[in-house]
Amino acid sequence: MEPPPPFCYTDISSKQNTQTEEYDMKSALTAAIALVVIILVQMALTFAFTYQVGELFGKTAIGALFFYCLLRVGKSRRQSSAE
């Protein structure tokens, strides 16, 4: 079996898809890091104050992160459909 050619032709649409995939992966990594930070702060608040304070912070922060991600997905889809 022959090896693939060293260079492949890629048109502009495949480049746009690659950029979109990279942006999606970056957004997913950012969200994962934000979740880890939320959990760490929640643990610190639980240790420093009470369980209820940590739980209130966690629920509020995760809710805000969820709606932020929804807004970013909607914004990026509108931008990609406009192009």
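Here, the structure is the one placed above.
All of the points below concern the structure found in this document. None of the values given here were measured: they were computed from a predicted structure.

Re the overall build of the protein
Then, in step 1: If you tally the helices and strands in the protein, you get two helices and zero strands.
Then, in step 2: Buried positions account for 8% of the 83 residues belonging to the protein.

Observations concerning a nonpolar patch on the surface
Then, in step 1: A surface patch of nonpolar side chains, amounting to about 350 Å² of accessible area, comprises L29, I33, V37 and V41.
Then, in step 2: Positionally, L29 belongs in helix α1 (residues 12-48).

Section: the environment of K59
Then, in step 1: Its place among the elements puts K59 in helix α2 (residues 51-82).
Then, in step 2: Taking the C-alpha atoms as reference, K59 lies 9.5 Å from Q42; in sequence the two are 17 residues apart.

Thoughts on the side chain of Q42
Then, in step 1: Tracing the backbone shows Q42 in helix α1.
Then, in step 2: Apart from residues lying up to four places away in sequence, Q42 is in contact with G54, E55, F57 and G58.

Thoughts on the packing of aromatic side chains
Then, in step 1: A full pass over the atoms with the stated rule returns one aromatic pair.
Then, in step 2: Measuring from centroid to centroid gives 5.3 Å for F66 and F67, while their planes differ by 70 degrees, and the two rings are edge-to-face.
Then, in step 3: The exposure class of F66 is partly exposed, given its relative accessible area of 47%.

Observations regarding the environment of A44
Then, in step 1: Turning to its location among the elements, A44 is positioned in helix α1.
Then, in step 2: Classification of A44 by relative accessible area gives partly exposed; the value is 43%.
Then, in step 3: Placed ten residues apart in sequence, A44 and G54 show a C-alpha to C-alpha distance of 7.6 Å.

Quick notes on the rules
- Residues numbered from 1 in each chain as written.
- Predicted model: local features only at pLDDT ≥ 70, side-chain atom pairs only at ≥ 80, totals over all residues.
- Heavy atoms only, no water.
- Helix = DSSP H or I, 4+ residues; strand = E, 2+ residues; numbered from the N terminus.
- Buried < 20%, exposed > 50% of the residue type's maximum accessible area, 1.4 Å probe, protein only.
- Patch = residues over 30% accessible without salt bridge, like charges linked within 9 Å, V, L, I, M, F, W, Y side chains within 5 Å.
- Areas by Shrake-Rupley, 256 points an atom, 1.4 Å probe, with all protein chains shown as cover.
- Salt bridge = Lys/Arg side-chain N within 4 Å of Asp/Glu carboxyl O.
- Contact = heavy atoms within 4.5 Å.
- Phe/Tyr/Trp six-rings, centres within 6.5 Å; stacked < 30°, edge-to-face > 60°.

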